[in-house]
Amino acid sequence: MAFINDHYLKLKAGYLFPEIGRRVNKFCEENPNAAVIKLGIGDVTEPLPTAIREAMHAAIDEMGEAGSFRGYGPEQGYGFLREAIAKNDFQSRGVDISADEIFVSDGSKCDTGNILDIFGANNKVAVTDPVYPVYVDTNVMTGRTGAADENGRYAGLTYLPVTAENNFVAPLPESPVDLIYLCYPNNPTGTVATKETLKQWVDYARANGSIILFDAAYEAFITDPEIPHSIYEIEGAKDVAIEFRSFSKNAGFTGTRCAFTVVPKQLKGTTASGEPAEIHPLWNRRHCTKFNGVSYIIQKGAEAVYSEQGQEQIQSLIAFYLENARLLREGLESVGISVYGGVNAPYVWLKTPGESTSWEFFDELLQKAHLVGTPGSGFGASGEGYFRLSAFNTRNNINEAVTRFQNVVS
Ligand SMILES: *Cc1c(COP(=O)(O)O)cnc(C)c1O
């Protein structure tokens, strides 16, 4: 008999994006002439910058010559990329992270899920609500939760509500937790964490022996100089935090795949017998055993993100999306909608007008304006009554979407 992992059966069947897809497909079948604009899924739309493509082309040519051909590379990533990351993303900001604390991978989605391999099953886990669903579902899959209730909340997880009432600042948990997922700039709310907020979390983790899993996938969208880009900008964070970064959103790598995880060498967890244990060798072992490295070609492309040309080109991509976010934000505010985020992040999070639920507003927007967004309740019970719009789109679509949106609600 082959037994399955029964924990998978606890996963909620009507997962957010398939349900959106089902409703959009049905609408399109019934309204074949409607020009639907999708501001739903968070995927980039602008092409890969030339500096990155040129580096990839050159790497392909190297692979075609016997003298420069490469087979398996180091599982943790090539030195040239790990050095460039350490220098440009951390040391340049006064953060002492070294190249061998960086693990290059094919995505932060995978890393934030895979990290659970090296942590005990009995950890108390905290997530914000609303939240990036990957953190929750991977905890369900690995058996760290009970069943979901009617709001989609899993028994055993600690949910930290982030709403307009608390200014989208995650409150410290009432009873102790061991692993804490934080994502800033935040998906889905588009809000950021100040130095003071992050310091509170670092202090909490230090006092409680917890580890923070910090997802900084949208760090490049921070424009406010007071907002930290890395959790390691907070004193003491290297003892208590793992940071996830990705080239997906800043450099357009969603289809190309490259990301990295930072595991400081001084970070320690606790063994079942209560002894301190280093996390770095565990993640190194996990990564080398289950992963065989990112393609050389892709890593050369990622390295080019840090060249002078690459930096210029990705800055203009980010500025483009942030301008989209501004147009969405201001366009909605001008018709009296309460809007959050969208300043240091490519997501706008809005309060649904009147008393409508997230899904009611989804249907109304689709029917009347042929616009697709993401219902806030799909990201967690506390997302009910909110709605996410993504700034990843063409300028024409953003302008058209704002006009249509205004016509529906005014
Ligand atoms: C897009 C995104 C990522 C990046 O995922 P990749 O697998 O690197 O493409 C990570 N975290 C969040 C919250 C995201 O929205």
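Calculation criteria
Residues numbered from 1 in each chain as written. Predicted model: local features only at pLDDT ≥ 70, side-chain atom pairs only at ≥ 80, totals over all residues. Heavy atoms only, no water. Near = heavy atom within 4 Å. Polar contact = N/O pair within 3.5 Å; in protein donor to acceptor, adjacent residues only side chain to side chain. Areas by Shrake-Rupley, 256 points an atom, 1.4 Å probe, with all protein chains shown as cover. Helix = DSSP H or I, 4+ residues; strand = E, 2+ residues; numbered from the N terminus. Nonpolar A, V, L, I, M, F, W, Y, C, P; charged D, E, K, R; others polar. Axes fitted to C-alpha atoms, helices over the stretch in contact; angles between N-to-C directions. Left-handed = near helix turned anticlockwise from the far one by under 90°. Contact = heavy atoms within 4.5 Å. Salt bridge = Lys/Arg side-chain N within 4 Å of Asp/Glu carboxyl O.

Trainee: Tell me about the site of the ligand, and please be specific about residues and values.
Mentor: Taken together, 14 residues lie near the ligand, and Asp215, Tyr218, Ser246, Ser248 and Lys249 sit nearest. Between Lys109 and the ligand, the recorded distance is 2.9 Å, taken from a backbone N or O atom to an oxygen atom. Within the side chain of Asp215, one N or O atom sits 2.7 Å away from a nitrogen atom of the ligand. Considered on its own, the ligand offers 390 Å² of accessible surface; in the complex 94% of this is hidden by protein. The set of elements that each furnish at least two residues to the shell around the ligand consists of α4 (108-114) and α7 (248-251). Taken together, the residues of the shell around the ligand sort by class into five nonpolar, five polar and four charged.

Trainee: Now, about the packing of helix α1 (residues 16-30) against helix α11 (residues 358-369): what can you tell me, with residues and values included?
Mentor: In helix packing, the relevant descriptors are the interaxial angle and the interaxial distance, both defined with respect to the helix axes. The geometry of α1 relative to α11 is characterised by a closest axis approach of 11 Å and an angle of 35° between their N-to-C directions. By crossing handedness, the relation of α1 to α11 is classed as right-handed. Taking contact as the criterion, the partners of Leu16, Glu19, Ile20, Arg23, Val24 and Phe27 in α1 are, on α11, Trp359, Phe362, Asp363, Leu366 and Gln367. Its residues placed into classes, the contact of α1 with α11 shows seven nonpolar, one polar and three charged.

Trainee: So, the pattern of salt bridges: which residues are in play, and what are the values?
Mentor: Tallying each qualifying case throughout the model produces 21 salt bridges. Arg23 serves as the salt-bridge partner of Asp363, at 2.9 Å between the closest nitrogen and oxygen. Residue Asp363 is located in helix α11, and its partner Arg23 is located in helix α1; the two are separated by 340 residues in the primary sequence. The salt bridge involving Arg245 is made with Asp89; its shortest N-O contact spans 3.8 Å.

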